[in-house]
Amino acid sequence: MAAAAGGAAGRPWRVIPRPVLETVLHNHALHPRVPQPLLLHGPRGVGKSTLLLNRLLPQWSEPPHYAAFVDFLHPAPSSPAHATAAPWSLLADTPPSLPSLRLQLESALEELTRAAVLKGAVGSKDVLAALSRSHGLHTALSRLAGPAACRGRGTSSVPVLWARAVLAATSSARGEDPTFRIGEGEATNCSMEETAYMQEAMAALRVAKELLRMQEGWRKEALREMNRTGRFSRPLVNSATDWPCLLLDVLSGAAEVDFFQPKLVLNNVDVLKRATCEDETMVPATMYHDSFIWRVIALGANEQCLPVFMSTSDGYYSSQAFVDFGFPNIFISRETFGWTQQEAKLHMVSEFFSEKELNYLADDSLEILDDPAAVAMMEACSAEIRVEPSRINIILMATCNTWAKLPTLDERSWLQVTRLCQENSLVSRSDLNEPGTIFNSMVWN
């Protein structure tokens, strides 16, 4: 739906006020289904992950909102509330493996689907309908339904085979994955009919997962041949993303305002494109990345999809993705929300930077990594430009939601902060004694 904080080679990054960016992202998340994913693009270190983790995900994780957060640069947290943004300097240099990233993505979507089942938003028929739209099911279901179905092959319809496979999965211990099982203490306030409906939906998801894994296994040798010859086959590549895309389809169909509103946040999505894979029977990481994103776009364009947020610092998504995908409006740019140099001067000079410092930060001759502002900031902090210590504290506090740095402020700096808030009508006088209110309202990217 939108691209934010983008920059192209040859011109400086624009500064987007944090309240504007936060409002754009939050308004996009309020829709149960949307026609396009949203790309959050900006240079490293400006606070994209911090904004998502500290400001937006807590709101998106409160019912009726449910959020799945996947950071491809970090191990999967137990929940979005436990996710943290580590500094770039602490990240490993070696790219992660595609199987681990794939497991991370699928696990997050499975937890989100499990929440939908426990909410009563997804049933067995919903899973079958999503499967039937893009997969042939008769042969695989005949194997999963048991010997009786194999003997009557050709006489049983897909719905009958599906019912038998789900019944077999319900009554057996097929699959040791506890994700699609109702645990102890869950659904205690539900009636027997509601619990049976949830158990049937859980069994249907286990059957669907096993069915897609079976079909993917049938294509392993074809995938090996495709990797050996360097050719491309869309059905073979899509077989690797069938399971996460099926869950997205099911969740999008279950989304409903004020009842169940799921969201998917993919942080550092560019890492998925650069992952390593040594298995010759798996698709390369670039193909997996392109297949997944293209199917998300297609789902949104054809049926509408749950809100999907992709955060990245890679300029590929702003300058090259539309060429590779052959779709010029793959992401709609919203760079007009940014401040020009004159607008930034009006908002930031005298309170955060001097005019000389701001001119240095906005110098478009520094084109290292398409991020002149970040380079200028590093140089300014090192030697060439001196910033008063008291104003450094103001800058640091304006970029985060914390009260820990307040004791280091002198009286003059504290008056600067409060005066800025009052002049811009960010907080009322009654809120000046609540530091969290002030810093949550500061205008900063």
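Residues numbered from 1 in each chain as written. Predicted model: local features only at pLDDT ≥ 70, side-chain atom pairs only at ≥ 80, totals over all residues. Heavy atoms only, no water.

## Digging into the overall build of the protein
Part 1: Helices and strands together make up the secondary structure of the protein, namely 21 helices and five strands.
Part 2: Going through the 445 residues of the protein one by one, you find that 48% of them count as buried.
Part 3: Taking the contacts inside the protein whose residues are at least 6 apart along the sequence as the reference set, 75% of them involve residues at least 24 apart.
Part 4: A total of about 21600 Å² of accessible surface is found on the protein, and carbon and sulfur atoms cover 54% of it. (Helix = DSSP H or I, 4+ residues; strand = E, 2+ residues; numbered from the N terminus. Buried < 20%, exposed > 50% of the residue type's maximum accessible area, 1.4 Å probe, protein only. Contact = heavy atoms within 4.5 Å. Areas by Shrake-Rupley, 256 points an atom, 1.4 Å probe, with all protein chains shown as cover.)

## Some thoughts on the pattern of salt bridges
Oppositely charged side chains may form a pair once their charged atoms are brought near each other.
Part 1: A complete count under the given rule lists 15 salt bridges for this structure.
Part 2: Of the charged contacts in the structure, one is a salt bridge between Arg 102 and Glu 216, with a shortest N-O distance of 2.9 Å. Of this pair, Arg 102 sits in helix 3 (residues 98–118) while Glu 216 sits in helix 8 (residues 192–218), and the two are 114 residues apart along the sequence. Residue Arg 102 shares its accessibility class with Glu 216, and that shared class is buried.
Part 3: For Glu 225, the salt bridge identified is with Arg 228, shortest N-O distance 2.6 Å. Here Glu 225 pairs with Arg 228, and both are found in helix 9 (residues 220–229), just three residues apart, close to one helical turn.
Part 4: Glu 225 sits in the partly exposed class, given a relative accessible area of 39%.
Part 5: Owing to a relative accessible area of 62%, Arg 228 belongs among the exposed residues under this scheme.
Part 6: In this structure, a network of salt bridges that share partners links the residues Arg 102, Glu 106, Arg 213 and Glu 216. (Salt bridge = Lys/Arg side-chain N within 4 Å of Asp/Glu carboxyl O.)

## Here's the deal with the packing of aromatic side chains
Part 1: Overall, the coordinates contain four aromatic pairs when judged by the stated rule.
Part 2: With centroids separated by 5.1 Å and ring planes inclined at 35 degrees, the aromatic side chains of Tyr 66 and Phe 260 adopt a geometry described as tilted. You can see Tyr 66 sitting in strand 3 (residues 65–71) and its partner Phe 260 sitting in the loop between helix 11 (242–254) and strand 4 (261–267), a full 194 residues away along the chain.
Part 3: With a relative accessible area of 18%, Tyr 66 lands in the buried category.
Part 4: For Phe 260, a relative accessible area of 0% translates into the label buried.
Part 5: Pairing Tyr 316 with Tyr 317 gives two aromatic rings, centres 5.1 Å apart and planes at 80 degrees, and the pair type is edge-to-face.
Part 6: The positively charged end of Lys 273 is found above the aromatic ring belonging to Tyr 316, 4.6 Å away from the centroid. (Phe/Tyr/Trp six-rings, centres within 6.5 Å; stacked < 30°, edge-to-face > 60°. Lys NZ or Arg CZ within 6 Å of the ring centre and 35° of its normal.)

## What to know about helix 4 (residues 124–132)
Part 1: Listed in full, the buried residues belonging to helix 4 are Ser 124, Val 127, Leu 128, Ala 130 and Leu 131. Projected down its long axis, helix 4 carries its buried residues within an arc of 165 degrees, all on one side.
Part 2: On its buried side, helix 4 packs onto helix 7 (158–171), helix 8 and helix 11. (Arc of directions from axis to C-beta.)

## Examining the state of the cysteines
Disulfides are covalent bonds that connect the sulfur atoms of two cysteines.
Part 1: On inspection of all chains with the given rule, the structure shows zero disulfides.
Part 2: A disulfide-free cysteine, Cys 245 has its sulfur positioned 9.0 Å from the sulfur of Cys 305, the nearest such atom. (Disulfide = S-S within 2.5 Å.)

## As for the side chain of Asp 270
Part 1: Structurally, the position occupied by Asp 270 is in helix 12 (residues 270–273).
Part 2: Given a relative accessible area of 5%, Asp 270 falls into the buried group.
Part 3: Those residues in contact with Asp 270 that sit more than four places away from it in its chain are Thr 312, Ser 313, Asp 314 and Tyr 317.

## Observations regarding the side chain of Thr 179
Part 1: Counting through the fold element by element, Thr 179 comes out in the loop between helix 7 and helix 8.
Part 2: Once you skip the residues sitting within four places of it in the chain, Thr 179 turns out to touch Glu 110, Glu 111, Arg 114 and Met 202.

## Here we look at the nonpolar core
Part 1: Among the nonpolar cores identified, the biggest contains 78 residues, and Phe 72, Trp 162, Leu 264 and Leu 266 are the most heavily contacted of them.
Part 2: If one sorts the elements of this core by residue count, helix 8 sits on top with 10 residues.
Part 3: Excluding residues within four positions of it along the chain, Phe 72 makes contact with Pro 96, Leu 101, Gln 104, Leu 105, Leu 266, Asn 267, Asn 268, Val 269, Val 271 and Leu 272. (Core = buried A, V, L, I, M, F, W, Y, C linked by side-chain atoms within 4.5 Å.)

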